[in-house]
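Each chain, written out:
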Amino acid sequence: MQPWRFFLLLAVLTGLLASCGARQSSQDMAQTPAVRAAKFGDADPVNFPGRNPQSYAVQGIDTARYQGAIDWREAANAGVSFAFLKATEGGDGFDPAFAENWRGAAQAGIPRGAYHFFYWCRPAAEQARWFIRHVPRSAGALPPVLDLEWTPFSPTCTLRPNAATVRAEAQIFLTMLERHYGQRPIIYTSPEIYQDAQLSRLTGYEFWLRSTADRPSNTYPGQAWTFWQYSSTGLVPGVGGKTDLNAFAGSKADWAAWLAARAR
């Protein structure tokens, strides 16, 4: 092939690829879920110091079977921009509402992810396999979540391992899920175990922090967060019972970029 023909062909191919990329970018932007103003209530509202959590543009919920049947389209219209759904617990617990919530949230156009409640009496690898068995790899799903809490009221497991063991077990679980789902999981935690187990030493992960009486910056000094669970008494149209309320750390544009970076 003569040199000029080669460069002409290269230019044509480059133009075609650029055009395809532009079309794909437009499609991705068109598929970004709309963010509506949240119309949530709260049965026991808290006056937070500084910036109020409701002022964050992107609001969501997390649910389990305790909320009963959910009208996900009504919830979406009320401003639910994301949802984390309980899937599994320990090595043998499965939330019976998960499949319906997973399907319903997706049909309503709400980005959703699944979370696992960790039990300290079962090996991390066994729990990871249990989660993987029940939660599908779905395009567009939010990263899976590892819920780390102490379980002082559990009828079967009140064990409180030392800090090093907590972090080692968490790392096994996180690594197995990342390998399977192709997304780095998020860590959900509450103040007591965060401090006891020095969870800030689990670096490279995004955190979803429970802080229902104060801002995360005061409850978890120095810890960056992506999601803030600020209430467990939320009242959301479409959800029958009280539910947890959560805020995303950034703007609507930040949310769109965050979702795009995790698209699979």
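Above this text you will find the structure in question.
Draft legend 1. Looking closely at the packing of helix α4 (residues 124–134) against helix α5 (residues 163–181). Running from N to C, α4 and α5 cross one another at 30°; their axes reach a closest spacing of 8 Å. Regarding the angle of α4 to α5, the classification is roughly parallel. Of the two possible hands of crossing, α4 and α5 adopt the one that is right-handed. Here α4 contributes A124, A125, Q127, A128, R129, F131 and I132 to the contact with α5, which in turn contributes E169, I172, F173, M176, L177, H180 and Y181. Residue composition of the contact of α4 with α5, by class: 10 nonpolar, 2 polar and 2 charged.

Draft legend 2. Region of interest: the pattern of salt bridges. Summed over the entire model, instances satisfying the criterion amount to 8 salt bridges. The salt bridge involving D196 is made with R160; its shortest N-O contact spans 3.1 Å. Pair noted here: D196 is in helix α6 (residues 191–196) and R160 is in the loop between β6 (145–148) and α5, with a separation of 36 residues, a long-range link. Between E178 and R184 there is a salt bridge, with the nearest N and O atoms lying 3.4 Å from each other. Relative accessible area serves as the criterion here: at 41%, R184 is assigned to the partly exposed category. Taken together, the shared-partner salt bridges connect D92, R122 and E126 into one network.

Draft legend 3. Structural view of the nonpolar core. By size, the foremost hydrophobic cluster in this structure holds 55 residues, and its most contacted members are W72, L148 and L199. Setting aside anything within four residues of it in sequence, one finds L148 in contact with F118, W120, A170, I187, Y188, T189, S190, I193 and L199.

Draft legend 4. Summary view of the pairing of β6. Because side chains alternate across β6, one face comprises the buried residues V145 and D147, and the other comprises L146 and L148, equally buried. The parallel pair strand β5 (residues 112–117) and β6, bridged by α4, forms a crossover whose chirality is right-handed. Two elements, β6 and strand β7 (residues 186–189), share 4 bridges in a ladder whose sense is parallel. Paired with L148 across the strands is T189, a residue of β7.

Draft legend 5. How the structure looks around the state of the cysteines. Per the stated rule, a full pass over the model turns up 1 disulfide. Between the sulfur of C121 and that of C157 lies a disulfide, 2.1 Å long from S to S. Given an S-S torsion of about 90°, the disulfide between C121 and C157 has right-handed geometry. Residue C121 is found in the loop between β5 and α4, and its partner C157 is found in the loop between β6 and α5; the two are separated by 36 residues along the sequence.

The rules behind each value
Residue numbers here run from 1 along each chain, matching the order of that chain's written sequence. In keeping with the predicted nature of the model, local features appear solely for residues at pLDDT of at least 70, side-chain atom pairs appear and are counted solely at 80 or more, and the whole-chain, interface and lining totals rest on all residues. Note that water and hydrogens are dropped before the side-chain values are worked out from all heavy atoms of the structure. A fitted line through C-alpha atoms serves as each axis, taken over the contacting stretch for helices, and the angle formed by two N-to-C directions is quoted from 0 to 180°. Numbering of helices and strands runs from the N terminus, with a helix taken as a DSSP run of H or I at least four residues long and a strand as a DSSP run of E at least two residues long. Working rule for angles: under 35 degrees goes down as roughly parallel, over 145 as roughly antiparallel, 65 to 115 as roughly perpendicular, anything else as oblique. Crossings are assigned a handedness: left-handed for a near helix turned anticlockwise from the far helix by less than a right angle, right-handed for a clockwise turn. We call two residues in contact when some of their heavy atoms are within 4.5 Å. Basically, the charged four are Asp, Glu, Lys and Arg, the nonpolar ten are Ala, Val, Leu, Ile, Met, Phe, Trp, Tyr, Cys and Pro, and anything else, Gly included, counts as polar. Note on definitions: salt bridges are taken to be side-chain nitrogens of Lys or Arg within 4 Å of carboxyl oxygens of Asp or Glu. Any residue under 20% of the maximum accessible area for its type is buried, any over 50% is exposed, and the rest in between are partly exposed; the area is computed with a 1.4 Å probe on protein chains only. By nonpolar core we mean a set of buried residues, namely Ala, Val, Leu, Ile, Met, Phe, Trp, Tyr and Cys, connected to one another through side-chain atoms within 4.5 Å. Looking down the strands as they point away from you, a crossover is right-handed if its path from the first strand over the helix to the second goes clockwise. Pairs of strands are assigned from DSSP output, requiring at least two bridges between the strands. Two cysteine sulfur atoms form a disulfide, by the criterion used here, when they sit within 2.5 Å.

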